[in-house]
Amino acid sequence: MRFRPVQEELRVGMVVFDRSHDMVGVVDGLVGPVVRLSRPTGFTWQSRSASVRPGTSYERRQLRAISMLHRQRFKGLKR
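This section reports on the structure supplied with the text. Not measured: the values here are computed from a predicted model.

1. Quick look at unusual backbone geometry
In step 1: In this structure, D22 takes a positive phi of about 55° despite not being glycine.
In step 2: On the accessibility criterion, D22 (59% relative accessible area) is exposed.

2. Regarding the pairing of strand β2 (residues 23-31)
Along any regular strand the residues' side chains alternate between the sheet's two faces.
In step 1: Direction of pairing for strand β1 (residues 15-18) relative to β2: antiparallel, over a ladder of four bridges. In the sheet register, F17 faces β2, and the bridge partner there is V24.
In step 2: A loop of four residues connects β1 with β2, the two strands running antiparallel in sequence, and D22 in this loop sits at a positive phi of about 55°.
In step 3: Looking at chain direction, β2 and strand β3 (residues 34-38) are connected through five bridges and run antiparallel. Counted as the bridge partner of L30 is V35 from β3.
In step 4: Counting the residues that bridge the hairpin from β2 to β3 gives two residues, and of these G32 lies at a positive phi of roughly 60°.

3. As for the nonpolar core
In step 1: Core analysis: the largest hydrophobic core is formed by nine residues, namely L10, M14, V16, M23, V27, V35, L37, W45 and V52.
In step 2: Put simply, the parts of the chain that give this core at least two residues each are β2 and β3.

4. Details of the sheet that holds β1
In step 1: Read across the open sheet, the five strands follow the order β4-β3-β2-β1-β5; overall the sheet is antiparallel. Only two strands of the sheet have a single neighbouring strand rather than two, namely β4 (44-48) and β5 (52-54). Averaged over all pairs of adjacent strands, the angle between their axes in this sheet comes to 45°, without regard to strand direction.
In step 2: The strands touched by helix α2 (residues 57-73) are β1, β2 and β5; relative to β2, the strand with the most contacts, the crossing angle is about 95°.

5. Quick word on the pairing of β1
In step 1: Every second residue of β1 is oriented toward a common face, with V15 and F17 on one face and V16 and D18 on the other, all of them buried.
In step 2: Relative to β5, β1 is paired through three bridges, and the arrangement is antiparallel. Note that in β5 the partner of V16 across the bridge is P54.

Parameters at a glance
Along each chain, residue indices are assigned from 1 in the same order as the chain's sequence is written. Only residues with pLDDT of at least 70 get local features here, since the model is predicted, and only at 80 or more are side-chain atom pairs given and counted; chain-wide, interface and lining totals rely on the full set of residues. Values shown for side chains rest on all heavy atoms present in the structure; no hydrogens or waters enter the calculation. Each residue's exposure class comes from its accessible area (1.4 Å probe, protein chains only) as a fraction of the maximum for that residue type: buried when under 20%, exposed when over 50%, partly exposed otherwise. For two strands to pair, DSSP has to find at least two bridges joining them. Secondary structure elements are defined from DSSP: runs of H or I of at least 4 residues count as helices, runs of E of at least 2 residues count as strands, and each element is numbered from the N terminus. Here, the term nonpolar core denotes a set of buried Ala, Val, Leu, Ile, Met, Phe, Trp, Tyr and Cys residues that are joined through side-chain atoms within 4.5 Å. Angles run from 0 to 180 degrees between N-to-C directions of axes, and those axes are lines fitted to C-alpha atoms, restricted for helices to the stretch in contact. The contact criterion used is simple: two residues touch if any of their non-hydrogen atoms lie within 4.5 Å.

Structure follows, in C-alpha cells:
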C-alpha cells in the first residue's frame, strides 16, 4: 500500500468517493483533516480526508445521473 498525503490531491469542486459513508460527493471545503462534501440532492456531510479518494469515471457519471434524476423529479415543484 502506498501512503500519500491525501490533502494535497483534493480540491474544491472535485468529485470524490467517501469510503466511510460509501457515497460519491463533491468537495465543498477543506479544513485541516476534515473535508466538507455534498451531493446534488442537497445532502451535506463531513469526513476525514484519509477516507476520501478521487472519484473514478464511473463515480463521476453516477453523480451526474443523480443530479439529472433529482432535477427531473423536482422540475415541476418549484414556483
